[in-house]
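Structure assessment
What follows is the residue order along each chain.
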Amino acid sequence: MLNIVIFGAPGSGKGTQGGMIAKRYNLQHVSTGELLRKEIKNATELGKTANEYISKGQLVPDTIVIGMIEELIKTTTGVDGFLFDGFPRTVTQGVELDKKLEENNMSISKVLCLDVEENELIERLLNRGKLEGRADDNRETIESRLDVYHNQTQPLIDFYNKQGKMSVIEGSGDINAIFQSIVEVMDNLL
Ligand code: B4P
(Lines give C-alpha, C1' and ligand atoms only; values in the text may rest on other atoms or scores of the structure.)
Protein backbone atom coordinates (compact mmCIF):
# COMPACT_ATOMS: atom_id res chain seq x y z
CA MET A 1 0.00 0.00 0.00
CA LEU A 2 1.17 3.49 -0.86
CA ASN A 3 0.07 6.01 1.76
CA ILE A 4 0.87 9.60 0.91
CA VAL A 5 0.36 12.88 2.77
CA ILE A 6 0.16 16.02 0.66
CA PHE A 7 1.22 18.86 2.91
CA GLY A 8 1.42 22.63 2.61
CA ALA A 9 -0.02 25.98 3.60
CA PRO A 10 -3.60 26.94 2.68
CA GLY A 11 -3.64 27.58 -1.06
CA SER A 12 -0.42 25.69 -1.76
CA GLY A 13 -2.21 23.35 -4.20
CA LYS A 14 -2.90 20.34 -1.96
CA GLY A 15 -6.40 19.77 -3.32
CA THR A 16 -5.32 20.41 -6.91
CA GLN A 17 -2.29 18.09 -6.89
CA GLY A 18 -3.95 15.62 -4.49
CA GLY A 19 -6.69 14.84 -7.00
CA MET A 20 -4.15 14.25 -9.77
CA ILE A 21 -1.98 11.97 -7.60
CA ALA A 22 -4.93 9.91 -6.35
CA LYS A 23 -6.13 9.31 -9.91
CA ARG A 24 -2.75 8.31 -11.31
CA TYR A 25 -1.81 5.92 -8.48
CA ASN A 26 -5.31 4.55 -7.63
CA LEU A 27 -5.31 6.03 -4.14
CA GLN A 28 -8.32 6.96 -2.01
CA HIS A 29 -8.29 10.77 -1.90
CA VAL A 30 -9.10 11.81 1.66
CA SER A 31 -9.53 15.59 1.95
CA THR A 32 -10.63 16.53 5.46
CA GLY A 33 -11.56 20.02 4.16
CA GLU A 34 -13.91 18.47 1.56
CA LEU A 35 -15.38 16.03 4.10
CA LEU A 36 -16.06 18.88 6.52
CA ARG A 37 -17.59 21.09 3.81
CA LYS A 38 -19.95 18.21 2.91
CA GLU A 39 -21.05 17.95 6.54
CA ILE A 40 -21.67 21.72 6.59
CA LYS A 41 -23.67 21.55 3.35
CA ASN A 42 -25.82 18.72 4.76
CA ALA A 43 -26.33 20.71 7.99
CA THR A 44 -25.37 17.74 10.20
CA GLU A 45 -24.49 18.25 13.88
CA LEU A 46 -20.82 17.67 13.00
CA GLY A 47 -21.13 20.20 10.18
CA LYS A 48 -22.62 22.84 12.46
CA THR A 49 -19.76 22.43 14.93
CA ALA A 50 -17.14 22.42 12.15
CA ASN A 51 -18.55 25.60 10.62
CA GLU A 52 -17.96 27.54 13.83
CA TYR A 53 -14.22 26.90 13.45
CA ILE A 54 -13.82 26.96 9.65
CA SER A 55 -15.61 30.30 9.23
CA LYS A 56 -13.07 31.87 11.63
CA GLY A 57 -10.08 30.22 9.93
CA GLN A 58 -9.44 27.97 12.95
CA LEU A 59 -8.82 24.25 13.00
CA VAL A 60 -11.70 21.92 13.76
CA PRO A 61 -10.93 19.99 17.02
CA ASP A 62 -8.59 17.02 16.58
CA THR A 63 -11.08 14.48 17.99
CA ILE A 64 -13.67 15.27 15.29
CA VAL A 65 -11.21 15.03 12.40
CA ILE A 66 -9.45 11.93 13.73
CA GLY A 67 -12.83 10.17 14.16
CA MET A 68 -13.69 10.79 10.49
CA ILE A 69 -10.34 9.45 9.29
CA GLU A 70 -10.42 6.37 11.51
CA GLU A 71 -13.70 5.24 9.96
CA LEU A 72 -12.37 5.74 6.42
CA ILE A 73 -9.16 3.79 7.04
CA LYS A 74 -11.15 0.84 8.38
CA THR A 75 -13.81 0.70 5.67
CA THR A 76 -12.05 1.64 2.40
CA THR A 77 -11.33 -1.21 -0.02
CA GLY A 78 -10.28 -1.62 -3.66
CA VAL A 79 -7.51 1.01 -3.72
CA ASP A 80 -3.70 0.85 -3.64
CA GLY A 81 -3.46 3.21 -0.68
CA PHE A 82 -4.54 6.59 0.69
CA LEU A 83 -3.77 10.15 -0.31
CA PHE A 84 -4.27 12.31 2.77
CA ASP A 85 -4.92 15.93 1.78
CA GLY A 86 -5.06 18.56 4.54
CA PHE A 87 -4.61 15.88 7.18
CA PRO A 88 -2.72 15.75 9.49
CA ARG A 89 -2.74 19.44 10.44
CA THR A 90 -1.43 19.13 14.02
CA VAL A 91 1.25 16.93 15.59
CA THR A 92 -1.52 15.19 17.58
CA GLN A 93 -3.25 14.29 14.29
CA GLY A 94 0.10 13.05 12.91
CA VAL A 95 0.68 10.78 15.90
CA GLU A 96 -2.88 9.43 15.71
CA LEU A 97 -2.64 8.84 11.96
CA ASP A 98 0.50 6.74 12.48
CA LYS A 99 -1.34 4.72 15.17
CA LYS A 100 -4.48 4.13 13.09
CA LEU A 101 -2.43 3.04 10.09
CA GLU A 102 -0.32 0.72 12.22
CA GLU A 103 -3.47 -0.91 13.64
CA ASN A 104 -4.30 -1.77 10.02
CA ASN A 105 -0.73 -2.92 9.17
CA MET A 106 0.08 0.21 7.18
CA SER A 107 2.33 3.26 7.48
CA ILE A 108 2.96 6.59 5.75
CA SER A 109 5.18 6.05 2.70
CA LYS A 110 5.94 9.71 1.88
CA VAL A 111 5.01 13.28 2.75
CA LEU A 112 5.01 15.71 -0.18
CA CYS A 113 5.39 19.29 1.02
CA LEU A 114 4.33 21.98 -1.48
CA ASP A 115 6.43 25.11 -1.02
CA VAL A 116 4.83 28.40 -2.13
CA GLU A 117 5.58 31.99 -1.07
CA GLU A 118 3.08 33.64 1.25
CA ASN A 119 2.09 36.47 -1.15
CA GLU A 120 1.21 33.95 -3.82
CA LEU A 121 -0.85 31.90 -1.33
CA ILE A 122 -2.91 34.95 -0.42
CA GLU A 123 -3.45 35.88 -4.05
CA ARG A 124 -4.59 32.35 -4.99
CA LEU A 125 -7.05 32.14 -2.11
CA LEU A 126 -8.50 35.61 -2.75
CA ASN A 127 -8.90 34.63 -6.37
CA ARG A 128 -10.68 31.37 -5.46
CA GLY A 129 -12.91 33.38 -3.11
CA LYS A 130 -14.02 35.49 -6.08
CA LEU A 131 -14.52 32.49 -8.39
CA GLU A 132 -16.04 29.90 -6.04
CA GLY A 133 -17.32 31.98 -3.16
CA ARG A 134 -15.86 29.72 -0.47
CA ALA A 135 -16.79 31.27 2.87
CA ASP A 136 -13.24 31.02 4.29
CA ASP A 137 -11.49 32.59 1.27
CA ASN A 138 -11.66 36.24 2.40
CA ARG A 139 -8.69 38.35 3.53
CA GLU A 140 -9.39 38.25 7.28
CA THR A 141 -9.97 34.48 7.43
CA ILE A 142 -7.00 33.79 5.14
CA GLU A 143 -4.75 35.68 7.57
CA SER A 144 -5.89 33.54 10.51
CA ARG A 145 -5.54 30.34 8.44
CA LEU A 146 -1.93 31.28 7.66
CA ASP A 147 -1.25 32.03 11.36
CA VAL A 148 -2.77 28.68 12.32
CA TYR A 149 -0.62 26.99 9.67
CA HIS A 150 2.59 28.53 11.07
CA ASN A 151 1.74 27.83 14.72
CA GLN A 152 -0.05 24.47 14.64
CA THR A 153 0.69 22.74 11.32
CA GLN A 154 4.32 23.64 10.51
CA PRO A 155 5.66 21.66 13.52
CA LEU A 156 4.70 18.56 11.51
CA ILE A 157 7.60 19.34 9.14
CA ASP A 158 10.00 18.48 11.95
CA PHE A 159 7.88 15.44 12.91
CA TYR A 160 8.12 13.96 9.40
CA ASN A 161 11.73 15.07 8.83
CA LYS A 162 12.68 13.01 11.89
CA GLN A 163 10.96 10.03 10.28
CA GLY A 164 12.90 10.70 7.03
CA LYS A 165 9.66 10.89 5.04
CA MET A 166 9.54 14.53 3.92
CA SER A 167 10.10 15.64 0.30
CA VAL A 168 9.83 19.34 -0.51
CA ILE A 169 8.30 20.16 -3.91
CA GLU A 170 8.49 23.63 -5.50
CA GLY A 171 4.79 24.53 -5.59
CA SER A 172 4.85 27.68 -7.77
CA GLY A 173 4.42 27.67 -11.51
CA ASP A 174 2.60 25.47 -13.97
CA ILE A 175 0.25 22.89 -12.37
CA ASN A 176 1.37 20.09 -14.75
CA ALA A 177 5.07 20.87 -14.20
CA ILE A 178 4.54 20.67 -10.41
CA PHE A 179 2.76 17.35 -10.93
CA GLN A 180 5.75 16.02 -12.92
CA SER A 181 8.07 16.79 -9.96
CA ILE A 182 5.67 14.85 -7.74
CA VAL A 183 5.54 11.92 -10.17
CA GLU A 184 9.35 11.66 -10.03
CA VAL A 185 9.24 11.30 -6.24
CA MET A 186 6.27 8.92 -6.36
CA ASP A 187 7.77 6.65 -9.05
CA ASN A 188 10.88 6.26 -6.90
CA LEU A 189 8.67 4.74 -4.18
CA LEU A 190 7.29 2.03 -6.47
P1 B4P B 1 -8.84 22.73 3.12
O2 B4P B 1 -10.00 22.34 2.30
O3 B4P B 1 -7.77 21.69 3.30
O4 B4P B 1 -8.33 24.09 2.47
P5 B4P B 1 -6.94 24.69 1.96
O6 B4P B 1 -5.88 24.54 3.00
O7 B4P B 1 -7.27 26.06 1.51
O8 B4P B 1 -6.42 23.86 0.75
P9 B4P B 1 -7.10 23.46 -0.62
O10 B4P B 1 -6.64 22.08 -0.84
O11 B4P B 1 -8.54 23.65 -0.66
O12 B4P B 1 -6.60 24.50 -1.70
P13 B4P B 1 -5.44 24.34 -2.77
O14 B4P B 1 -4.22 24.60 -2.00
O15 B4P B 1 -5.50 23.09 -3.59
O16 B4P B 1 -9.30 23.17 4.60
C17 B4P B 1 -10.30 24.15 4.83
C18 B4P B 1 -10.56 24.33 6.35
O19 B4P B 1 -11.11 23.10 6.92
C20 B4P B 1 -9.33 24.62 7.22
O21 B4P B 1 -8.99 25.99 7.25
C22 B4P B 1 -9.79 24.08 8.61
O23 B4P B 1 -10.60 24.99 9.27
C24 B4P B 1 -10.63 22.86 8.25
N25 B4P B 1 -9.83 21.61 8.27
C26 B4P B 1 -9.49 20.86 7.16
N27 B4P B 1 -8.73 19.81 7.52
C28 B4P B 1 -8.58 19.89 8.88
C29 B4P B 1 -7.86 19.10 9.83
N30 B4P B 1 -7.15 18.01 9.46
N31 B4P B 1 -7.91 19.47 11.13
C32 B4P B 1 -8.62 20.53 11.53
N33 B4P B 1 -9.30 21.33 10.68
C34 B4P B 1 -9.28 21.02 9.35
O35 B4P B 1 -5.75 25.47 -3.86
C36 B4P B 1 -5.96 26.82 -3.61
C37 B4P B 1 -6.19 27.61 -4.90
O38 B4P B 1 -4.98 27.73 -5.63
C39 B4P B 1 -7.19 26.98 -5.86
O40 B4P B 1 -8.03 27.98 -6.34
C41 B4P B 1 -6.34 26.40 -6.98
O42 B4P B 1 -6.99 26.39 -8.22
C43 B4P B 1 -5.17 27.32 -6.99
N44 B4P B 1 -3.91 26.69 -7.42
C45 B4P B 1 -3.49 25.44 -7.12
N46 B4P B 1 -2.29 25.19 -7.68
C47 B4P B 1 -1.94 26.34 -8.36
C48 B4P B 1 -0.78 26.72 -9.12
N49 B4P B 1 0.25 25.91 -9.35
N50 B4P B 1 -0.75 27.98 -9.65
C51 B4P B 1 -1.79 28.83 -9.45
N52 B4P B 1 -2.91 28.52 -8.72
C53 B4P B 1 -2.97 27.29 -8.19
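This section reports on the structure supplied with the text. What you see is a predicted model; the values in this text were computed from it and never measured. (Residues numbered from 1 in each chain as written. Predicted model: local features only at pLDDT ≥ 70, side-chain atom pairs only at ≥ 80, totals over all residues. Heavy atoms only, no water.)

**Side note on the nonpolar core**
- In terms of nonpolar packing, the biggest core is built from 34 residues, with Val 5, Phe 7, Phe 84, Leu 97 and Tyr 160 touching the most fellow members.
- Element by element, the count of residues in this core is highest for helix H4 (residues 62-75), at six residues.
- If sequence neighbours within four positions are ignored, Phe 7 has contacts with Lys 14, Pro 88, Val 111, Leu 112, Cys 113, Leu 114, Tyr 149, Thr 153, Leu 156, Ile 157 and Met 166.
- Core analysis: the next-biggest nonpolar cluster, separate from the first, contains 17 residues, Leu 2, Ala 22, Ile 169 and Val 185 among them. (Core = buried A, V, L, I, M, F, W, Y, C linked by side-chain atoms within 4.5 Å. Buried < 20%, exposed > 50% of the residue type's maximum accessible area, 1.4 Å probe, protein only. Helix = DSSP H or I, 4+ residues; strand = E, 2+ residues; numbered from the N terminus. Contact = heavy atoms within 4.5 Å.)

**Brief notes about the pattern of salt bridges**
- This structure, assessed with the given rule, holds 12 salt bridges.
- Among the salt bridges present, the one from Glu 34 reaches Arg 37, with a minimum N-O distance of 3.0 Å. On the criterion of helical spacing, the pair formed by Glu 34 and Arg 37 is a turn pair, its members being three residues apart in helix H2 (residues 32-41).
- If you follow the salt bridges from partner to partner, you end up with Arg 128, Arg 134, Asp 136, Asp 137 and Arg 145 in one network. (Salt bridge = Lys/Arg side-chain N within 4 Å of Asp/Glu carboxyl O.)

Treat this as a map of the structure, not an account of what it does.
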